[in-house]
Amino acid sequence: MSTPYRLELHPEDVLTISFVGPRYAWSEALLRFDCGVHELAEHEAWQIAEAFDRDTHGGHAMFPLLDPRSDLFARLLAFREAIV
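Asker: For the overall build of the chain, give the residues involved together with the corresponding values.
Answerer: In terms of helices and strands, the chain carries four helices and two strands. For the chain, the succession of helices and strands along the chain, N to C, is β-α-α-β-α-α. For 84 residues, the compact-globule estimate of 2.2 N^0.38 gives 12 Å, and the C-alpha radius of gyration of the chain, at 12 Å, lies within 12% of that figure. In terms of its C-alpha atoms, the chain occupies a principal-axis envelope of roughly 35 × 30 × 20 Å. Out of the 84 residues in the chain, the part that is buried amounts to 38%. Within the chain, counting contacts between residues at least 6 apart in sequence, those at least 24 apart form 67% of the total. Distance between charge centres in the chain, computed from 7 positive and 14 negative side chains, equals 3 Å.

This is the structure in structure tokens:
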């Protein structure tokens, strides 16, 4: 059985993701989610993690257009780091 992963998005997170839109892989991967807590199977979590990682190719920072001091940045980074 796959390990479930939890991704929590608040209403302001969904607005931010919508604003960034499909410009970056991280936001494009999250556009399908509404606010709330989402239980993800391991393969789904890996798909999102791979999208997050694509934005860092070439030495770029994680989550372009997202304030690294934001709560969303911290939660997305914690989500990415929890995937084993």
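Asker: Summarise the environment of Arg 32; cite the residues concerned and give the values.
Answerer: Mapped onto the elements, Arg 32 comes out in the loop between helix 2 (25-30) and strand 2 (36-40). Accessibility expressed as a relative area gives 55% for Arg 32, which makes it exposed.

Asker: Tell me about the nonpolar core, and name the residues and values.
Answerer: Residues Leu 7, Trp 26, Leu 30, Phe 52, Leu 76 and Phe 79 are the most contacted members of the largest nonpolar core, which totals 20 residues. Among the secondary structure elements, those contributing two or more residues to this core are strand 1 (5-9), helix 1 (11-20), helix 2, helix 3 (42-54) and helix 4 (71-82). Once residues lying within four places of it in the same chain are set aside, the contact partners of Leu 7 are Leu 30, Phe 33, Gly 36, Val 37, His 38, Leu 40, Leu 76 and Phe 79.

About the cut-offs
Residues numbered from 1 in each chain as written. Predicted model: local features only at pLDDT ≥ 70, side-chain atom pairs only at ≥ 80, totals over all residues. Heavy atoms only, no water. Helix = DSSP H or I, 4+ residues; strand = E, 2+ residues; numbered from the N terminus. Rg over C-alpha atoms; globule rule 2.2 N^0.38 Å. Buried < 20%, exposed > 50% of the residue type's maximum accessible area, 1.4 Å probe, protein only. Contact = heavy atoms within 4.5 Å. Lys, Arg positive; Asp, Glu negative; His and termini not counted. Charge placed at Lys NZ, Arg CZ, Asp CG, Glu CD. Core = buried A, V, L, I, M, F, W, Y, C linked by side-chain atoms within 4.5 Å.

Keep in mind these numbers describe shape, not what the thing actually does.
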